[in-house]
Amino acid sequence: QVQLVESGGGLVQAGGSLRLSCAASGSTFSGNTMGWYRQAPGKVRDLVATISGGGSTKYADSVKGRFTISSDNAKNTVYLQMNSLRPEDTAVYYCNEILYYTGLPAHPWGQGTQVTVSS
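About the cut-offs
Residues numbered from 1 in each chain as written. Predicted model: local features only at pLDDT ≥ 70, side-chain atom pairs only at ≥ 80, totals over all residues. Heavy atoms only, no water. Pairing = 2+ DSSP bridges. Helix = DSSP H or I, 4+ residues; strand = E, 2+ residues; numbered from the N terminus. Axes fitted to C-alpha atoms, helices over the stretch in contact; angles between N-to-C directions. Salt bridge = Lys/Arg side-chain N within 4 Å of Asp/Glu carboxyl O. Buried < 20%, exposed > 50% of the residue type's maximum accessible area, 1.4 Å probe, protein only. Polar contact = N/O pair within 3.5 Å; in protein donor to acceptor, adjacent residues only side chain to side chain. Contact = heavy atoms within 4.5 Å.

Side note on the sheet that holds strand 10 (residues 113-118)
Pairing is mixed across the open sheet formed by six strands, whose spatial order is 2-10-9-4-5-6. Every other strand in the sheet has two partners, leaving strand 2 (10-13) and strand 6 (57-59) as the edge strands with one partner each. On average, each strand axis in the sheet is tilted by 25° relative to the strand beside it, whichever way the strands run. Pairing of strand 5 (residues 46-51) with strand 6 involves three bridges; the strand directions are antiparallel. Each residue of the ladder has a partner; that of T50, found in strand 6, is K58.

Dropping the structure here:
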């Protein structure tokens, strides 16, 4: 079974930066689309960034120009560089593989990593 482990979250002031990492065991990311999601308290989990096996990236409008998703297939790790952070970016961040035909998450969720942005 694939296990996803997110890390790199923390408390940061508005305008600051964080780099999140997502490591997978039991499977390989290579060739698959991976995504970063986030869930704020009382809200649904939203997809904020994706990267395809070919390296194409997409972003939610709310993070476009501030977040960058990347992957290192050799390390089976996906990253999310977050710059110019805002209080509204506060959430638990998760990663997952995205199934090609359904767009749904492929694996059980990891524990996530908390990002808190203070104003």
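Right, picking up where we left off after that structure.
Things to note about the pattern of salt bridges
Taken as a whole and judged by the stated rule, the model has three salt bridges. Across the pair R38 and D89 runs a salt bridge whose closest N-O atoms are separated by 2.9 Å. Of this pair, R38 sits in strand 4 (residues 33-39) while D89 sits in the loop between strand 8 (77-82) and strand 9 (91-98), placing them 51 residues apart in sequence. According to the relative accessible area criterion, D89 is buried, its value standing at 0%. Linking D61 and K64 is a salt bridge whose minimum nitrogen-to-oxygen distance equals 3.1 Å.

So, the side chain of D89
Among the polar contacts listed, one links the side chain of D89 to the side chain of R38, at a separation of 2.9 Å. Those residues in contact with D89 that lie beyond four places of it in its chain are R38, R66, F67, S84, V115 and V117.

Things to note about the sheet that holds strand 3 (residues 18-25)
The four strands lie next to each other as 1-3-8-7, forming an open sheet whose pairing is antiparallel. Each having just a single partner strand, strand 1 (3-7) and strand 7 (67-72) make up the two edges of the open sheet. When strand polarity is set aside, the average angle formed by the axes of neighbouring strands in this sheet is 15°. Pairing analysis gives six bridges linking strand 7 to strand 8, with the strands arranged antiparallel.

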